[in-house]
Amino acid sequence: MQTAFSSYRGILASYLKPQRRRVILLGALLLAGIGFELANPWILRAFIDDATASAPLDRLTMLAVLFLVAALGAQLVTVGEAYVAENVGLTATNQIRSDLTLHTLRLDPQFHGSHTPGELIERVDGDVATLGNFFSRFVVQIFANGILLVAVLILMYTIDWRVGLAMTIFVIVTVALVNKTRNIAQPFWKIARQASAELFGFIEERLSGTEDIRSSGATAYTMRKLYERSRHLLRTDRKAALIGSTSGGVTVIVFTLGTALALGLGVMLFQEGAITLGTVYLIFSYTESLRRPIDQLTRQLQDLQQAGASINRIGDLLLEKSVIHDGTGPAIPEGALSVQFEDVAFGYNAGEPVLNDVSFYLKPGEVLGVLGRTGSGKTTLTRLLFRLYDPQQGEIRLGGTPLRDSQVASIRQSVGMVTQSIHLFHATLRDNLTLFDKNISDERITSVLEELGMGGWLAAMPDGLDTKLAPGGSTLSAGQGQVVAFARVFLKEPGLVVLDEASSRLDPATEKQVERAVDRLLGGRTAIIIAHRLATVQRADSILIMEEGMIVEYGSRLQLLNDPNSHFSDLMRTGKMAEALT
């Protein structure tokens, strides 16, 4: 499998064009380095010839000083070239990481359900890391080493046409052999990168389930699987590296023959009296100078094989498209929003419907309580409202605007959700409340927490808003985590709030505290409350009961409560909510 030249050209153009000044500087430094590399052998040649001819000490001293100055200049240029090259490479790869991360975040849940976070980390970071040298050195070194090859060959011809011709044939044969073997390892490197991604995915999954693994006695099994995947990575990586080193082995053999050829020609011409002893050294030195560009060319082509595999995998990831297409219609209006489902049907998998002909209308500012057994489709309703998925049939309107026509960003700004599972970041309390939005002031955060009745809770934090939360938010209780989630929604100021069993795991005391926050949160907003407990929906204006993806009852809470034949009335009368919904 060979990567098309257009792929290399496209990715280079995309990420090096914004750094054109640095790339030009890098090229200039490489050319300066070539100048020093060509000049130093001439200085040594003059020194050897003058020394054998018993030249004055002053001239020899001058040549020695000149050589030292040139050597120091070459080192300074090398340092500068390395600095600029790393800067170019890191800037480009960081931008690729950003682009891949943004692209991945925009993909739909169906994609993320089939790829582990560890695998995606390896795709976004590991594959991109192999492109660092490709960006920083490949193009400019190919260009510079090509100039160096041509310059050395021209200088060889000026020494003697036979030397120039022999070295030209040597270079052509060497480059042809290198080019012949350059793509041999690329498919093996792609397999190795995939093995690395699978290993990272396995580690991420197991680390996130550490407690379950230890409590179930599965540590030995987990370690055995880790050894198997690590061994697979070792074998694939070793095989790719071994096959990839073919080009290097060919170069070593050819250069050994080339050096012997250069020394043989030098001795022959010296014995003929055609050249001096210094020129013999010059031929040998320039033959060695040919080794560096061809050797670097070989390494660049080996890197190119790895880069090609990574570019293929990066390209495969970028080709992944979300099934959710951004709309071009009007933004969702501000304020309390109406919610309308019209004959909505949806299934995560073909032939397996989750919702069937769901229709209801929720007025702006109303609160809807949604009840139903596990798997009845309650949470699916909220996922459709966020437009994480699109229904296969029917239409959903928010504030009178069809969701398919609206921009996804506008929808998700207009809808706030609190679930029973809250994700907290290893960051400050401020960042967890604002989700890293620096435009939200501390005064606004404090005001929201006071409005939610959590001012005392904030005051109890050791460093206030600067309190650093532990990984996973373990420094907060379940109730405190819920408060953070409510505050996030409050700061967002959405027109629709969805509470998906937000208090199902809280103790009664903490639930009362959270309920006070909910009262304040729902003021002036439309709300959908999905609940397991009847007490949670006492504030609802309307009740919707689902069963097997269909609405079995929908209406005013008070009317349903007063209707002895309604499901809701029966649930309230018997008080067997838990039994009915499990």
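Report follows, based on the coordinates. (Residues numbered from 1 in each chain as written. Predicted model: local features only at pLDDT ≥ 70, side-chain atom pairs only at ≥ 80, totals over all residues. Heavy atoms only, no water.)

1. Details of the packing of helix α3 (residues 57–106) against helix α5 (residues 117–129)
- Closest axis-to-axis distance for the α3/α5 pair is 9 Å, and the angle between their directions is 160 degrees. One finds that α3 runs roughly antiparallel with respect to α5. Classified by chirality, the crossing of α5 by α3 is right-handed. Here Thr93, Ile96, Arg97, Leu100, Thr101 and Thr104 of α3 lie close against α5, whose contacting residues are Leu120, Arg123, Val124, Asp125, Val128 and Ala129.
- When its residues are assigned to classes, the contact of α3 with α5 shows 6 nonpolar, 3 polar and 3 charged. (Axes fitted to C-alpha atoms, helices over the stretch in contact; angles between N-to-C directions. Helix = DSSP H or I, 4+ residues; strand = E, 2+ residues; numbered from the N terminus. Parallel < 35°, antiparallel > 145°, perpendicular 65-115°, else oblique. Left-handed = near helix turned anticlockwise from the far one by under 90°. Contact = heavy atoms within 4.5 Å. Nonpolar A, V, L, I, M, F, W, Y, C, P; charged D, E, K, R; others polar.)

2. Section: the pairing of strand β10 (residues 550–556)
- Of the pairings in the sheet, the one linking strand β9 (residues 542–547) to β10 comprises 6 bridges and is antiparallel in character. Paired with Ser542 across the two strands is Ser556, which belongs to β10.
- Hairpin connection between β9 and β10: a loop of 2 residues separates the two successive antiparallel strands, and Glu548 in this loop has a positive phi of roughly 55 degrees. (Pairing = 2+ DSSP bridges.)

3. A look at the packing of helix α2 (residues 20–52) against α3
- Across the interface, α2 lies against α3 with an axial gap of 8 Å and an inter-helix angle of 160 degrees. Judged by the inter-axis angle, α2 sits roughly antiparallel to α3. Read as a crossing pair, α2 and α3 show a hand that is left-handed.
- Tallied by class, residues from the contact of α2 with α3 come to 24 nonpolar, 6 polar and 4 charged.

4. Some points on a nonpolar patch on the surface
- Taken together, Tyr157, Trp161, Leu165, Ile169, Val173 and Leu177 make up a surface patch of nonpolar side chains, about 580 Å² in accessible area.
- Per-element tally for the nonpolar patch: the top contributor is helix α7 (residues 161–181), with 5 residues.
- Its place among the elements puts Val173 in helix α7. (Patch = residues over 30% accessible without salt bridge, like charges linked within 9 Å, V, L, I, M, F, W, Y side chains within 5 Å. Areas by Shrake-Rupley, 256 points an atom, 1.4 Å probe, with all protein chains shown as cover. Salt bridge = Lys/Arg side-chain N within 4 Å of Asp/Glu carboxyl O.)

5. Remarks on the side chain of Thr526
- Locating Thr526 in the fold gives a position in strand β8 (residues 526–530).
- Its relative accessible area of 0% is what places Thr526 among the buried residues.
- In this structure, Thr526 is in contact with Ala336, Leu337, Val339, Leu362, Lys363, Pro364, Gly365, Glu366, Gly495, Leu496 and Val497, ignoring residues within four places of it in sequence. (Buried < 20%, exposed > 50% of the residue type's maximum accessible area, 1.4 Å probe, protein only.)

6. Some remarks on the sheet that holds strand β4 (residues 393–398)
- In space, the 4 strands of this open sheet follow the order β2-β1-β4-β5, with antiparallel pairing throughout. Every interior strand has two partners, whereas the edge strands, β2 (355–362) and β5 (401–402), have only one.
- Relative to β5, β4 runs antiparallel, the two sharing 2 bridges. Its bridge partner being in β5, Arg397 is matched across the sheet by Pro402.
- Contacts between helix α13 (residues 378–385) and the sheet are confined to β1 (339–346), β2 and β4, with β1 contributing the most and set at about 110 degrees to the helix.

7. Overview of unusual backbone geometry
- Phi is positive for Asp343, which is not a glycine, with a value near 50 degrees.
- When you line up the elements, Asp343 lands in strand β1.
- For Asp343, a relative accessible area of 43% puts it in the partly exposed group.
- One non-glycine residue, Arg387, lies in the positive phi region at around 55 degrees.
- You can see Arg387 is positioned in the loop between α13 and β4.

8. Brief notes about the sheet that holds β9
- One open sheet accounts for 6 strands, arranged β6-β7-β8-β3-β9-β10; its pairing is mixed. Taken across any chain shown, the strands that pair with only one partner, and hence form the sheet edges, are β6 (415–419) and β10. Across the sheet, the axes of successive neighbouring strands diverge by a mean angle of 15 degrees, strand direction being ignored.
- Two strands pair when backbone bridges link them, and strand β3 (residues 367–372) and β8 are joined in this way by 4 bridges, in the parallel orientation. Along β8, the bridge assignment pairs Leu368 with Ile528.
- Against the sheet, helix α21 (residues 567–574) touches β3, β9 and β10, its axis set at about 95 degrees to β9.

9. Thoughts on the nonpolar core
- Counting residues in each nonpolar core, the largest one holds 52 residues, and the members touching the most others are Leu38, Ile96, Phe135, Met167 and Leu290.
- Aside from chain neighbours lying at most four places away, what touches Leu38 is Leu148, Ala151, Val152, Leu155 and Tyr286.
- Grouped together as the second largest cluster of nonpolar side chains are 42 residues, Leu491, Leu522, Leu534 and Ile543 included. (Core = buried A, V, L, I, M, F, W, Y, C linked by side-chain atoms within 4.5 Å.)

10. Side note on the pattern of salt bridges
- This structure, assessed with the given rule, holds 13 salt bridges.
- Residue Arg397 pairs with Glu342 through a salt bridge whose shortest N-O separation is 3.6 Å. Linking Arg397 in strand β4 with Glu342 in strand β1, this pair joins segments that are 55 residues apart in sequence.
- Judged by its relative accessible area of 28%, Glu342 falls in the partly exposed class.
- Across the pair Asp466 and Arg430 runs a salt bridge, and its minimum N-O distance is 2.7 Å. With Asp466 in the loop between α17 (455–459) and α18 (478–492) and Arg430 in helix α15 (residues 429–434), this pair connects stretches of sequence that are 36 residues apart.
- One network of salt bridges, in which partners are shared, links Asp160, Arg162 and Glu272.

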